[in-house]
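# Coordinate inspection notes
In case you want the letters, here they are:
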Amino acid sequence: MRFLLAGLTTLVLLATPVAAPAQDPGRAELEGAMVQMFSSENVIIMNVHGDEGTPEHWYMVREISGARVTADCHMELATPTVLNASPHITPARHYRIAWAEMSDLELDDNMVVFRAAHMADNELAGMLFESEELAEMVWAVFQFMIDDCS
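Residues numbered from 1 in each chain as written. Predicted model: local features only at pLDDT ≥ 70, side-chain atom pairs only at ≥ 80, totals over all residues. Heavy atoms only, no water.

### Topic: the sheet that holds strand β5 (residues 81-85)
Paired through backbone hydrogen bonds, the strands of a sheet run either parallel or antiparallel to each other. Sheet architecture is open: six strands sit in the order β5-β2-β1-β9-β8-β7, paired in antiparallel fashion. Each having just a single partner strand, β5 and β7 (102-108) make up the two edges of the open sheet. Sheet twist, expressed as the average angle between the axes of neighbouring strands with direction ignored, equals 20°. Sheet contacts for helix α3 (residues 132-149): β7, β8 (111-116) and β9 (123-128); angle to β7, the most-contacted strand, approximately 160°. (Pairing = 2+ DSSP bridges. Helix = DSSP H or I, 4+ residues; strand = E, 2+ residues; numbered from the N terminus. Axes fitted to C-alpha atoms, helices over the stretch in contact; angles between N-to-C directions. Contact = heavy atoms within 4.5 Å.)

Here's what the structure looks like:
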């Protein structure tokens with residue numbers, strides 16, 4: 001009886017398909033997830049230049065309403081809604097990201113802060129998310145994209 005049970009167990013084990021090991025998502029999957037996230041979540045993007053009270057100071061705060069991949073390692077965020085801006089600033093209706101040109105990526109609670117090559121020396125950008133968990137996930141994806149595209 002013990003041999004029969006052992007034989008049946010072996011047969012069941014041999015007949016059971018082995019699950020493929022989970023693979024980490026690649027750039028294309030992460031880009032697709034970012035496009036979907038920026039189209040469905042409430043995310044605010046802010047740019048600030050210079051110190052408040054100085055002549056070179058300006059700021060703009062826009063809402064992200066969507067995203068699309070425009071080229072290899074490039075994404076464009078739709079930002080048609082301006083929530084606040086310095087009087088002399090006319091924000092564009094989009095924000096372009098070249099992953100290889102991003103740097104100084106930081107996570108601060110529910111905000112992802114970064115710099116890009118096109119920015120002035122004393123300019124910063126930040127994205128404000130509804131939760132710390134979402135900000136942490138986006139920070140990790142941004143870091144992957146920067147590393148993968150550099």
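### Thoughts on α3
Since the α-helix turns once every 3.6 residues, residues separated by three or four places project in the same direction. Compared with the 26 Å implied by 1.5 Å per residue over 18 residues, the 25 Å span of α3 between its first and last C-alpha is a close match. Those residues of α3 lying buried are Leu134, Ala135, Val138, Val141, Phe142, Met145, Ile146 and Cys149. The arc enclosing the buried residues of α3, seen along the axis, measures out at 140°, which places them on a common side. Away from its buried face, by an angle of more than 90 degrees, α3 presents the exposed residues Glu133, Met137 and Asp147. (Expected span 1.5 Å × (residues − 1). Buried < 20%, exposed > 50% of the residue type's maximum accessible area, 1.4 Å probe, protein only. Arc of directions from axis to C-beta.)

### As for the layout of surface pockets
To find the voids left in a structure, one rolls a probe of water-molecule size over its atoms. When its volume is computed, the largest pocket comes out at roughly 160 Å³. Every residue lining the largest pocket is listed: Asn47, Trp58, Met60, Arg62, Ala92, His94, Tyr95, Arg96, His118, Met119 and Glu123. Elements with a contribution of two residues or more to the lining of the largest pocket: β2 (58-64) and β6 (94-98). Class assignment of the residues belonging to the lining of the largest pocket gives a composition of five nonpolar, three polar and three charged. (1 Å grid on protein atoms, 1.4 Å probe; cavity = no way out; pocket = protein on both sides within 12 Å on 5 of 7 lines; lining within 4 Å. Points joined across faces, edges and corners; volume = space filled by probe spheres on them. Nonpolar A, V, L, I, M, F, W, Y, C, P; charged D, E, K, R; others polar.)

### Some words on the sheet that holds β6
Pairing in this open sheet of three strands is antiparallel, and the strands run β3-β4-β6 from one edge to the other. Edge positions in the open sheet fall to β3 (66-71) and β6, since each of these has one partner strand only. Averaged over neighbouring strand pairs, the angle between their axes works out to 25° when direction is ignored. Bridging between strand β4 (residues 74-78) and β6 involves five bridges; their strand directions are antiparallel. Each bridged residue has a counterpart across the sheet, and for Ala78 the counterpart in β6 is His94. Its contacts with the sheet place helix α2 (residues 27-40) against β3 and β4, and it is angled at close to 150° to β3.

### Points about the packing of aromatic side chains
In the structure shown here, the tally under the stated rule is three aromatic pairs. Centroid distance Tyr95 to Phe114: 6.3 Å. Interplanar angle 75°. Geometry classified as edge-to-face. Placement of Tyr95 in strand β6 and of Phe114 in strand β8 is noted, with a sequence separation of 19 residues between them. The exposure class assigned to Phe114 is buried, which follows from its relative accessible area of 1%. Put simply, the rings of Tyr95, Trp99, Phe114 and Phe142 pair up and form one aromatic cluster. (Phe/Tyr/Trp six-rings, centres within 6.5 Å; stacked < 30°, edge-to-face > 60°.)

### What to know about the environment of Thr70
Here Thr70 is to be found in strand β3. If we skip the residues at most four places from it in the chain, Thr70 touches Met75 and Glu76.

### Here's the deal with the nonpolar core
The biggest cluster of nonpolar side chains holds 31 residues, and the ones touching the most others in it are Phe38, Leu77, Trp99, Phe114, Met127, Phe129 and Phe142. When residues of this core are traced back to their parent elements, those giving at least two are α2, β1 (43-49), β4, β6, β7, β8, β9 and α3. If one sorts the elements of this core by residue count, α3 sits on top with eight residues. Residue contacts for Phe38: discarding those within four places in its chain leaves Val43, Ile64, Ser65, Gly66, Ala67, Met75, Leu77, Met127 and Phe142. (Core = buried A, V, L, I, M, F, W, Y, C linked by side-chain atoms within 4.5 Å.)

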